[in-house]
Amino acid sequence: MLRNSRTERLVALVLVAPFMAIYLLAFVYPTVQMFRISFTDAPLIGAGRWVGLDNYLRLDNDPMFRRAVWNTAYFVLMTVVPGTLIALLIALGVSRLKGRFQAIVLALFFLPYILPVSVVYLIWDWTLNFQFGIAMHALDWLGIPRVPVFKSRLWFLPAVAGVTIWWTAGFSILLFLAGLRSIPAEIYEAAALDNSTRWTTFRRITWPLLWPITSLVLTIQLILQLKIFDQVYLFSIGGRPNDNMVLVYYVFQKAFQQNQGGRAAAVAVTLFVLVVVVSVLQFQLLRFAERRRR
Amino acid sequence: MNFRKMMAIAVVAAGGFWVVAAQAEETVAWWDFLGGGDGVRMKQMISDFNAAHAGKIKIDATTLEWGTPFYAKVQTSVAVGEAPDVMTYHASRIPLAVSQDILEEITADDMSKMGLSASDFAQTTMGAVTVDGKQYAVPLDTHPIVLYYNRDLLKKAGVLGGDGRPVGMGNKEEFTATLQKLKDAGVEFPLGSVTADGNFMYRTIYSLVCQQGGELLTGNEFLAGDNPEKLARALAVLQGWTKAGLQSTYTDYPATVALFTSGKAAMMINGVWEVPTMTDLAKQGKLFDWGAVEIPVIFDKPCTYADSHSFAIPKNKGKEISPEKRAAVLEVISWMDKHSLFWATAGHIPAYKPVTETAEYKAMEPNATYSTLTANMIFDPKSPKAGVAGPIFDIMSNYFVPTLNGEMEPGEAVKSIKEELNSM
């Protein structure tokens, strides 16, 4: 049968139109507005005067912005690669289990992932509360001085990073398990016949065949952690020092607490560009690493 | 009459009834941020109001999250015409709200319709809701901070005076000695302080700056002249108490209240809004003998930070309030103020003078003990940058937690605060 390309195009248009409409309205339009507002001195609500590049030039000499960039980078460093490695190790362990037992263990690891962030915050805030937390009583019992985990400058970001890994590892584990299951058993059999050691099997077979999954997990984690906000905000309730400042928090502070919409938009644009550049860069690097291996 | 006809008549009748009812009853959408013990009292007042105005006015109340979430929501809802008809508002936030043009003016005509006059309120309180001679809200109360104390523990340590109040309230050395005696008597935390919450400590620290005659904003400059030294001295006193083990470290708000009510902390500086917590516990026989007094004088003169819960009418963009609705809102505000004797059981000091002048209020404890402090109150500086969860509040409180717990030196914190405030 001859295909009518005009009808085809029409059908295609009808099918993608609802999505495109929402995408334009809820993503493209606000993004364009964000760029526009970043060149004005607008408050949180309403229009402002055009100030050109002022908001961006002020960022250059803004210690709080520099700290936000540094803290975001520090947080990414503590979560992305360690989180991915931990998930890989757990997935390797879980894949050795069989049947229902495996399902139960996997469910246990996946459970935190389904919790909303506010619940995650409450669990850990109660556990590690400086005055009343269970963990503090454990420290007392062991004779170790109490640590104000979420309240001190030193411990805050590492602690939030730990909680974040605990919270999000379940999803990465699931991806790794799917990857591990897609590696044909015959390859392992052949390796066993060749007297390959466990380490060699992992290094020469599992790791390279799992690389596409690894790079996917790394990319997802990187984008997610660059946008870190919820946990930092919740654990900072009560006005934590600016030492905890991360980029999205800075946007929030400028816009909602200091009523400076224009400056907040400038930070948001910077973060937007940063996420695009870093994720494209990482994606290219990972592809390069993969190609070289072949 | 057939069935269809009967149904039609029934529908018309029901519809007609509904229209009559809708015309008679005005529903007032109400937002507040009163989530604590005082919120329970406010809910009681709202249901009393509704009962007294059955068929005429009904308050449809929603309680939202205190602080930044509340005020951000008010701004965005006003911008799109979805704001409530009336809302509670901190007097300290009014200059900011006026600069954002989100509040309706309360005219002299409105005041007379409510049966209120400016002279029914303290001048400082009325001044706090007025910008450039125009009034933007009606004060409900003033809510300062006070010093709560545990009489049993104080008596044991020998620091309870003959009048049932703590001794050593006159200067820094005396008060520190009182705390030290409590420590020596085996009290774990002589003073329970919200040292993990800079937002909260803002009130105490601002009081201590004021006790030295200092101010945050002079003209357009933040911390001008010798005010940085005054702020640093206030921080140093509090840090000193932490270092000497006289107050609780890294303690958040709920934990502070728990330390006090469980008897681990002998004293606590907190807002009057915790009074209901204490009275309710005491009523159930679960609390020691307690009291609340004006905070101690640490420096040169008594001074206590206060703010005022007031009622404001949002300027709903593109959906202006109807005259009927406005009349209903004014009735709500007026009724609440005139019945604020019950609000005083939430610890607050009613702003409406005819209430505080009654014999019933004067006999009310512990309000009567601390109501003297109204003479020594200071409100936030009048600036669009001031106010609860506003820019000044936010910037300053960010530096308090590390300083109070000894991670940062007062001088360093003050230098950063000054820089950040002035570069806003």
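Chain A has the name Multiple sugar transport system permease protein in an unreviewed UniProt entry, where Mesorhizobium shonense is given as its organism. The UniProt entry for chain A carries this comment under Subcellular location (unreviewed entry): "Cell membrane". Note on chain A: under the UniProt heading Sequence similarities (unreviewed entry), the record states "Belongs to the binding-protein-dependent transport system permease family."

## Details of the overall build of chain B
Looking only at helices and strands, one finds 19 helices and 16 strands in chain B. Taking 424 residues into account, the globule formula puts the C-alpha radius of gyration at 22 Å, and chain B, at 24 Å, falls close to it. Counting only C-alpha atoms and orienting by the principal axes, one finds that chain B spans roughly 90 × 50 × 40 Å. For chain B, the proportion of contacts with a sequence separation of at least 24, taken over those separated by at least 6, is 77%. Within chain B, one finds 37 positive and 49 negative side-chain charges whose respective centroids are separated by 3 Å.

## Some points on the sheet that holds strand 1 (residues 26-32) of chain B
All names here are of chain B. What the five strands build is an open sheet, ordered 2-1-3-14-6; its pairing is mixed. The open sheet has two edge strands, strand 2 (57-63) and strand 6 (138-139), and neither has a second partner. Running over the sheet, helix 3 (residues 68-79) touches strand 1 and strand 3 (86-90) and is turned about 135° from strand 3. Against the sheet, helix 13 (residues 323-338) engages strand 1, strand 2, strand 3, strand 6 and strand 14 (309-312), with an angle of about 55° to strand 1.

## Let's talk about the packing of aromatic side chains
Residue and element names in this part refer to chain A. Taken as a whole, this structure holds 39 aromatic pairs over all chains when the rule is applied. Between W199 and F202 the ring centres are 5.9 Å apart and the planes differ by 25°, which places this aromatic pair in the stacked class. Separated by three residues within a single helix, W199 and F202 lie in helix 9 (residues 198-226), roughly one turn from each other. Among the residues examined, W199 registers a relative accessible area of 56% and is labelled exposed. Following the ring pairs from residue to residue traces out a cluster consisting of F229, Y233, Y249, F252 and F256.

How each quantity is defined
Residues numbered from 1 in each chain as written. Chains lettered and ligands numbered in written order. Predicted model: local features only at pLDDT ≥ 70, side-chain atom pairs only at ≥ 80, totals over all residues. Heavy atoms only, no water. UniProt positions renumbered as here; feature names shortened; annotations may be inferred. Helix = DSSP H or I, 4+ residues; strand = E, 2+ residues; numbered from the N terminus. Rg over C-alpha atoms; globule rule 2.2 N^0.38 Å. Contact = heavy atoms within 4.5 Å. Lys, Arg positive; Asp, Glu negative; His and termini not counted. Charge placed at Lys NZ, Arg CZ, Asp CG, Glu CD. Pairing = 2+ DSSP bridges. Axes fitted to C-alpha atoms, helices over the stretch in contact; angles between N-to-C directions. Phe/Tyr/Trp six-rings, centres within 6.5 Å; stacked < 30°, edge-to-face > 60°. Buried < 20%, exposed > 50% of the residue type's maximum accessible area, 1.4 Å probe, protein only.

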